[in-house]
Amino acid sequence: MSDLAEAFESQRPRLFWLAYRMLGSASEAEDAVQDAYLRLHGADTEAIESLPAWLTRAVTNLCLNRLTSARARREVYPGPWLPEPVLTEDRALGPLETAEQRESVSIALLGLMERLNPTERAAFVLREAFAYSHFEIAEILQTSEANARQLNRRARQRLGEPRRRVEADRAQWRRLVDRFLDAARSGDVGGLVELLTANVTSTADGGGKVAAARRPISGRDRAARYLAAVFGKVVPRARLRLDVAEVNGEPALMAFDGDRLAGVMCFEIVGEQIAALRIQANPDKLRFLAGQLSHPAGLRGP
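The following paragraphs examine the structure supplied in this document. Only a predicted model underlies this, so the values are computations on that prediction, with no experimental measurement involved.

## Some remarks on the nonpolar core
Then, number 1: Ranked by internal contacts, the top residues of the largest apolar core, which has 50 residues, are Phe16, Met22, Met113 and Leu141.
Then, number 2: Broken down by element, the residue count for this core peaks at ten residues, all from helix 1 (residues 3–23).
Then, number 3: If we skip the residues at most four places from it in the chain, methionine 22 touches Thr60, Cys63, Leu64, Leu67, Arg121, Ala122 and Val125.

## Quick look at the environment of alanine 275
Then, number 1: Examined against the element boundaries, alanine 275 turns out to sit in strand 6 (residues 273–280).
Then, number 2: Among the residues examined, alanine 275 registers a relative accessible area of 16% and is labelled buried.
Then, number 3: Measuring from C-alpha to C-alpha, the distance between alanine 275 and glycine 219 comes to 9.9 Å, with 56 residues separating the pair along the chain.

## Let's talk about the sheet that holds strand 5 (residues 260–270)
Either a parallel or an antiparallel arrangement is found when strands of a sheet pair, and the pairing is made through backbone hydrogen bonds.
Then, number 1: Reading across from one edge, 2-1-6-5-4-3 is the order of the six strands in this open sheet, with mixed pairing throughout. Of all the strands in the sheet, just strand 2 (217–218) and strand 3 (241–247) have a single pairing partner and so form its edges.
Then, number 2: Where strand 5 lies against strand 6, seven bridges are found, and the strand directions are antiparallel. By the bridge assignment, glutamate 268 is partnered in strand 6 with alanine 276.

## Here's the deal with the environment of alanine 290
Then, number 1: On the secondary structure map, alanine 290 appears in helix 12 (residues 287–294).
Then, number 2: Each C-alpha atom of the pair alanine 290 and aspartate 35 lies 23 Å from the other, and the pair is 255 residues apart in sequence.

## Concerning unusual backbone geometry
Then, number 1: One non-glycine residue, arginine 239, adopts positive backbone phi at about 55 degrees.
Then, number 2: As for its position among the elements, arginine 239 is in the loop between helix 11 (220–238) and strand 3.

## Some thoughts on the packing of aromatic side chains
Then, number 1: For the structure on display, the rule yields five aromatic pairs.
Then, number 2: Measuring from centroid to centroid gives 5.4 Å for phenylalanine 180 and phenylalanine 231, while their planes differ by 85 degrees, and the two rings are edge-to-face. Of this pair, phenylalanine 180 sits in helix 9 (residues 170–185) while phenylalanine 231 sits in helix 11, placing them 51 residues apart in sequence. You'll find phenylalanine 180 and phenylalanine 231 in the same group, each marked buried.
Then, number 3: Taking the centre distance of 5.1 Å and the plane angle of 85 degrees together, the rings of phenylalanine 180 and phenylalanine 267 count as edge-to-face. In this pair, phenylalanine 180 is assigned in helix 9 and phenylalanine 267 in strand 5, connecting sequence segments 87 residues apart.
Then, number 4: On the accessibility criterion, phenylalanine 267 (1% relative accessible area) is buried.
Then, number 5: In this arrangement the basic side chain of arginine 241 is found over the ring face of phenylalanine 256, its NZ or CZ atom lying 4.4 Å from the centre.

## Digging into the pairing of strand 1 (residues 196–205)
Then, number 1: Buried residues dominate strand 1, accounting for seven of its ten residues.
Then, number 2: As paired elements, strand 1 and strand 6 share six bridges and run parallel to each other. Bridge pairing in strand 6 places leucine 196 opposite isoleucine 274.
Then, number 3: Here strand 1 runs beside strand 2; their pairing, made up of two bridges, is antiparallel. When the sheet's bridge partners are listed, serine 202 is paired in strand 2 with isoleucine 217.

## Details of the pattern of salt bridges
Then, number 1: Inspection of the entire model under this criterion finds 15 salt bridges.
Then, number 2: When the shortest N-O distance is used, the salt bridge between arginine 156 and glutamate 128 registers 3.1 Å. One end of the pair, arginine 156, is in helix 8 (residues 145–159); the other, glutamate 128, is in helix 6 (residues 118–129), and 28 residues separate them in sequence.
Then, number 3: Owing to a relative accessible area of 43%, arginine 156 belongs among the partly exposed residues under this scheme.

About the thresholds
- Residues numbered from 1 in each chain as written.
- Predicted model: local features only at pLDDT ≥ 70, side-chain atom pairs only at ≥ 80, totals over all residues.
- Heavy atoms only, no water.
- Core = buried A, V, L, I, M, F, W, Y, C linked by side-chain atoms within 4.5 Å.
- Buried < 20%, exposed > 50% of the residue type's maximum accessible area, 1.4 Å probe, protein only.
- Helix = DSSP H or I, 4+ residues; strand = E, 2+ residues; numbered from the N terminus.
- Contact = heavy atoms within 4.5 Å.
- Pairing = 2+ DSSP bridges.
- Phe/Tyr/Trp six-rings, centres within 6.5 Å; stacked < 30°, edge-to-face > 60°.
- Lys NZ or Arg CZ within 6 Å of the ring centre and 35° of its normal.
- Salt bridge = Lys/Arg side-chain N within 4 Å of Asp/Glu carboxyl O.

Have a look at this one:
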């Protein structure tokens, strides 16, 4: 491996973490990182003062281009759009020891970031997830420091108040998921109601490729009846196997049809209740996570 390729490989994980937060798509993030690798080989490397800075700018610009075209595609997307899930127990999205780090890759925040235009999203991710200064962000986005500051401020306003962040208690997560499964499988609607917040929502992304609810289901009573039906009838009828995992820094259930990953349900937990469930069933958006299960060693190389 050449020195240049080796230097790039040392940056690959960080670049993927950046691209995924920018795009909400692991497959597109991998493509953006690979395109940066190709750009690097066509660049005048003698003129590159800092390879990490050059690569950050290259990946950010590649993501901005992808976000512009993605906005048009998502306007005609069949049903709700959710980000691609990623297993995070192996630090695939970087260290997630703090509540802030987990929040930066949560399905909830990645979904909310769809409200932002591409440059707002870039400024927000660079500032909030990677702690770049406004001056550094301005250099990456090739704008003024004042505008970089304004982009981040506008992004925070559009995203609204952040969720109440709490430190992870994985034992508590597991107990709550186990209680949820017991109630859902037995059709215990009352037990589910106790576990759900009053304004809980259940959102499913089938991408028009598999059967899924075309609108979010809101409210604990409606959600409890829906979930009891899914886990009490649909899951057993389809003979799906369920495993608990950490996905995007939060607890999740993975459903398998034999060896095939058929769906992922991510839980948003607030205190000791479930505030939201997000179900990814679009097979195109499950490929990356399925690949993680098959090849746990890490990201693909060039």
